[in-house]
There are 2 protein chains.
Amino acid sequence: MVEVRMSTESISKNKSLITLDKDMLQRFKPYITINTLCKGNFVFQASTPKKCFYIVLKGRVKLFRVSEIGREITQWFCFPGEIFGLAESPETNQHSIFAQCCEPCEVIAIPLNQFNNFIQSSPDVALKIIEQLSVRLKIVGDTLLDFTSDDVKTRLVKLLKRLNKRFGVTHNDGVIINIVLTHKEISDMIGACRQSVTTALGELKAEGNISLIDNRFFIPSVEKFEKLGTMP
Amino acid sequence: MVEVRMSTESISKNKSLITLDKDMLQRFKPYITINTLCKGNFVFQASTPKKCFYIVLKGRVKLFRVSEIGREITQWFCFPGEIFGLAESPETNQHSIFAQCCEPCEVIAIPLNQFNNFIQSSPDVALKIIEQLSVRLKIVGDTLLDFTSDDVKTRLVKLLKRLNKRFGVTHNDGVIINIVLTHKEISDMIGACRQSVTTALGELKAEGNISLIDNRFFIPSVEKFEKLGTMP
DNA sequence: GTAATACTGTCGTCCAGACGACAATTGAAA
DNA sequence: TTTCAATTGTCGTCTGGACGACAGTATTAC
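What counts and how
Residues numbered from 1 in each chain as written. Chains lettered and ligands numbered in written order. Predicted model: local features only at pLDDT ≥ 70, side-chain atom pairs only at ≥ 80, totals over all residues. Heavy atoms only, no water. Near = heavy atom within 4 Å. Polar contact = N/O pair within 3.5 Å; in protein donor to acceptor, adjacent residues only side chain to side chain. Helix = DSSP H or I, 4+ residues; strand = E, 2+ residues; numbered from the N terminus. Nonpolar A, V, L, I, M, F, W, Y, C, P; charged D, E, K, R; others polar. Core = buried A, V, L, I, M, F, W, Y, C linked by side-chain atoms within 4.5 Å. Buried < 20%, exposed > 50% of the residue type's maximum accessible area, 1.4 Å probe, protein only. Pairing = 2+ DSSP bridges. Contact = heavy atoms within 4.5 Å. Buried area = accessible area lost by both parts, 1.4 Å probe. Salt bridge = Lys/Arg side-chain N within 4 Å of Asp/Glu carboxyl O. Axes fitted to C-alpha atoms, helices over the stretch in contact; angles between N-to-C directions. Parallel < 35°, antiparallel > 145°, perpendicular 65-115°, else oblique. Left-handed = near helix turned anticlockwise from the far one by under 90°. Least-squares fit on C-alpha atoms with pLDDT ≥ 70 in both. Domains from an automatic or database assignment.

A. Layout of the protein's contact with DNA strand D. Every one of the 13 residues lining DNA strand D counts as a neighbour, but His183 and Arg194 of chain A together with Val152, Cys193 and Ser196 of chain B are closest to it. Of everything in DNA strand D that lies within 4 Å of the protein, sugar and phosphate atoms constitute 58%. In the model, a base nitrogen of DNA strand D is placed 3.2 Å from a nitrogen or oxygen of the Gln195 of chain B side chain. Asn215 of chain B places a side-chain nitrogen or oxygen 3.3 Å from a phosphate oxygen of DNA strand D. Put simply, the parts of the chain that give the surface near DNA strand D at least two residues each are α7 (194-206) of chain A together with α7 (194-206) of chain B. If you tally residues by element for the surface near DNA strand D, the top one is α7 of chain A, at four residues. Of the residues in the surface near DNA strand D, the class split is three nonpolar, seven polar and three charged.

Structural data, given as structure tokens:
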């Protein structure tokens with residue numbers, strides 16, 4: 001088995017992650033709840049009342065939407081230092097997304113009525129939140145654009161590139177995308193049916209553009225991979 | 001001709017709009033540029049360097065993406081009080097979106113290196129920006145979900161509902177959506193081809209669900225319209 | 001007022017991929 | 001270790017809607 005770790009270097013360079021120092025923890029102590037959740041547990045579900053916003057301390061939380069016909073679309077994965085559960089719309093007091101733990105998690109919950117105090121508690125917090133939201137908006141916008149322009153295989157390739165940027169770790173001459181995803185999960189991220197994802201992955205494997213190591217995608221040549229799915 | 005105005009009531013209720021009072025204008029005066037632009041002018045284009053963020057003073061600015069094959073997708077319309085041009089990603093110093101004026105506009109430009117000062121200049125500004133971004137994230141997420149679940153007509157209906165919520169003004173027993181959009185513009189908002197939009201609009205007209213007044217969509221019965229495109 | 005451009009309406013063809021189905025393989029639970 | 005559930009692989013059918021084309025209508029520019 002190949003032992004793979006996420007590079008701590010790429011994490012520490014991400015300056016928009018929120019960490020609560022002792023002063024903050026002390027100050028918001030009366031309001032903070034630390035939730036420990038198992039894999040598969042929901043932090044909250046769509047249509048439930050908005051009471052708190054959340055910051056991931058440990059683990060990975062998937063944010064996704066579900067349509068009326070049960071179709072699921074993944075919007076984001078939150079890692080430690082990322083905030084979620086903010087009021088998405090002033091018109092309703094219910095969540096429109098689901099937040100589910102992909103692995104055992106620890107999540108800080110703070111009541112929404114403390115949000116104002118929270119962003120004023122430190123010069124950096126508001127800026128970090130704005131950066132996080134901006135990045136998410138760009139990525140969701142990327143996905144939307146891909147939907148209108150690209151076939152399934154191209155959308156898959158672009159997703160793998162985005163995942164590589166976020167989770168890639170060097171391994172031999174290539175890169176391992178250090179996150180385990182089923183074909184169904186991938187289909188929910190590119191809005192395709194699972195069978196189509198299986199087929200497209202098979203093609204990429206047959207072409208030698210990806211392989212599997214320890215259930216993770218391995219890209220032998222990132223340079224070659226970056227050329228896929230773009231205009232010549 | 002029917003004279004129609006956007007309801008000033010719905011605008012003033014939107015508490016996340018940014019207005020610059022005299023103190024702010026004075027304080028940022030050395031940095032602020034007021035740009036007056038004609039219909040069709042770009043505030044900025046994708047792939048150009050990020051220098052400023054912007055706040056609309058007057059008019060309507062369309063934010064959109066263009067894919068490699070030239071496919072356009074509209075993400076948002078900015079009205080007075082709305083901010084755009086924020087750094088979308090820390091990795092690149094170029095815009096990924098286009099910002100184009102739909103009508104004659106006035107737009108404040110402030111250098112991005114003043115953004116930190118800007119959000120600390122008043123207790124409310126950061127909160128308002130966060131709310132604006134959150135709402136946009138939700139709507140873009142709505143659109144993404146619609147793409148994966150709904151046929152073209154349903155997506156059109158849902159778009160009209162969203163537009164009604166934002167631009168609707170009461171008229172007789174129904175509602176006029178007080179924004180003029182071509183079929184092509186609509187197609188860019190729902191990721192369909194123009195001909196499909198024309199066909200779907202024709203069906204809605206034939207069913208009596210919408211008609212045209214002064215080049216704007218009129219919905220005779222909002223109650224009936226709200227039932228369209230949802231599960232029975 | 002006229003000419004050019006943009007927009008709307010309509011039609012027929014074609015295909016990417018969703019869908020349903022089922023078998024084979026892998027992973028998790030007892 | 002065995003059983004069950006989840007995941008992956010494969011196949012054939014069908015259709016929504018993209019596409020290209022063109023005519024009719026409305027708007028804009030001069």
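What follows continues from the structure just given.
B. Seen up close, the nonpolar core. Of all hydrophobic cores here, the largest spans 52 residues; its most connected members are Phe118, Ile119 and Ile129 of chain A together with Phe118, Ile119 and Ile129 of chain B. Elements with a minimum of two residues in this core: β3 (52-58), β8 (105-111), α3 (115-120) and α4 (123-149) of chain A together with β3 (52-58), β8 (105-111), α3 (115-120) and α4 (123-149) of chain B.

C. Representation of the pairing of strand β10 (residues 174-177) of chain B. All names here are of chain B. Burial of the side chains of β10 extends over both faces: Gly174 and Ile176 are buried on one face and Val175 and Ile177 on the other. In sequence, strand β9 (residues 168-171) turns back onto β10 through a hairpin of two residues, with Asn172 there showing a positive phi of about 50°. Bridging between β10 and strand β12 (residues 216-219) involves three bridges; their strand directions are antiparallel. Pairing of Ile176 across the sheet is with Phe218, part of β12.

D. Expanded view of the interface of chain A and chain B. Between chain A and chain B, the residue contacts involve 45 residues of the former and 45 residues of the latter. Of the roughly 4100 Å² buried at the junction of chain A and chain B (both faces included), carbon and sulfur atoms supply 71%. Between the two partners, chain A and chain B, sit two salt bridges. A salt bridge links Asp142 of chain B to Arg65 of chain A, with the nearest nitrogen and oxygen atoms 2.4 Å apart. If you list the elements that add at least two residues to the side of chain A that touches chain B, you get β4 (61-66), β5 (72-78), α3, α4 and α5 (152-167) of chain A.

E. Representation of the packing of α4 of chain A against α5 of chain A. All names here are of chain A. At a closest axis distance of 10 Å, the pairing of α4 and α5 adopts a crossing angle of 165°. As judged from the angle between their axes, α4 and α5 are roughly antiparallel. Here α4 and α5 pass one another in a crossing that is right-handed. Judged by residue contacts, Ile139, Asp142, Thr143, Asp146 and Phe147 of α4 engage Arg155, Lys158 and Arg162 from α5. Tallied by class, residues from the contact of α4 with α5 come to two nonpolar, one polar and five charged.

F. The arrangement of the protein's contact with DNA strand C in detail. In the region of DNA strand C, 13 residues are neighbours, and Val152, Cys193 and Ser196 of chain A together with His183 and Arg194 of chain B sit closest. Taking all atoms of DNA strand C within 4 Å of the protein, the share assigned to sugar and phosphate is 57%. Here a base nitrogen of DNA strand C and a side-chain polar atom of Gln195 of chain A are 3.2 Å apart. At 2.8 Å from a phosphate oxygen of DNA strand C is found a side-chain nitrogen or oxygen belonging to Ser196 of chain A. When residues of the surface near DNA strand C are traced back to their parent elements, those giving at least two are α7 of chain A together with α7 of chain B.

G. Focus on the sheet that holds strand β10 (residues 174-177) of chain A. Residues and elements named next belong to chain A. Spatially, the four strands line up as an open sheet ordered β9-β10-β12-β11, and their pairing is antiparallel. The two strands at the open ends of the sheet, each matched to only one other strand, are β9 (168-171) and β11 (211-213). Taking the axes of each pair of neighbouring strands and ignoring which way they run, one obtains an average angle of 40° across the sheet. With four bridges joining them, β9 and β10 adopt antiparallel strand pairing.

H. Here's a closer look at the relation of the copies chain A and chain B. Once chain A has been moved 0.0 Å along the axis and rotated by 180°, it coincides with chain B to within an RMSD of 0.0 Å. Both copies are brought into coincidence by an operation consistent with a two-fold rotation axis. A share of 100% of the interface residues of chain A reappears at the interface of chain B, consistent with the copies meeting face to face through the same patch.

I. Seen up close, the domain arrangement of chain A. All names here are of chain A. The domain boundaries assigned to chain A delineate domain 1 (8-145) and domain 2 (151-226). Put simply, the middle of domain 1 and the middle of domain 2, counted by C-alpha atoms, are 26 Å apart. Listed per partner, the contact involves 12 residues of domain 1 and 13 residues of domain 2. Summing the contributions of domain 1 and of domain 2, the shared interface buries around 1000 Å²; its carbon and sulfur component is 49%. Put simply, Glu82 and Arg166 hold a salt bridge, and the shortest N to O gap is 2.5 Å. Applying the counting rule to domain 1 against domain 2 returns four residue pairs in polar contact (both at pLDDT 80 or more). Within the residue set of the side of domain 1 that touches domain 2, elements represented by two or more residues are β5 and α4. Looking at the side of domain 1 that touches domain 2 element by element, the count peaks at five residues for β5. Its residues placed into classes, the side of domain 1 that touches domain 2 shows five nonpolar, two polar and five charged.

J. The arrangement of the sheet that holds β3 of chain A in detail. All names here are of chain A. The four strands lie next to each other as β1-β8-β3-β6, forming an open sheet whose pairing is antiparallel. Sheet topology places β1 (33-37) and β6 (83-84) at the edges, where each strand pairs with a single neighbour. Bridge count between β3 and β6: two bridges; the pairing is antiparallel. Note that in β6 the partner of Tyr54 across the bridge is Phe84.

K. Focus on the pairing of strand β12 (residues 216-219) of chain A. Residues and elements named next belong to chain A. Neither face of β12 is left uncovered, since the one carrying Arg216 and Phe218 and the one carrying Phe217 and Ile219 both have all their residues buried. Sheet topology places β11 next to β12; three bridges connect them, and they run antiparallel. Following the sheet pairing, Leu212 is matched in β12 by Phe217. With antiparallel pairing between neighbouring strands as the criterion, β11 and β12 make up a hairpin whose turn holds two residues, including Asp214 at a positive phi of roughly 55°.

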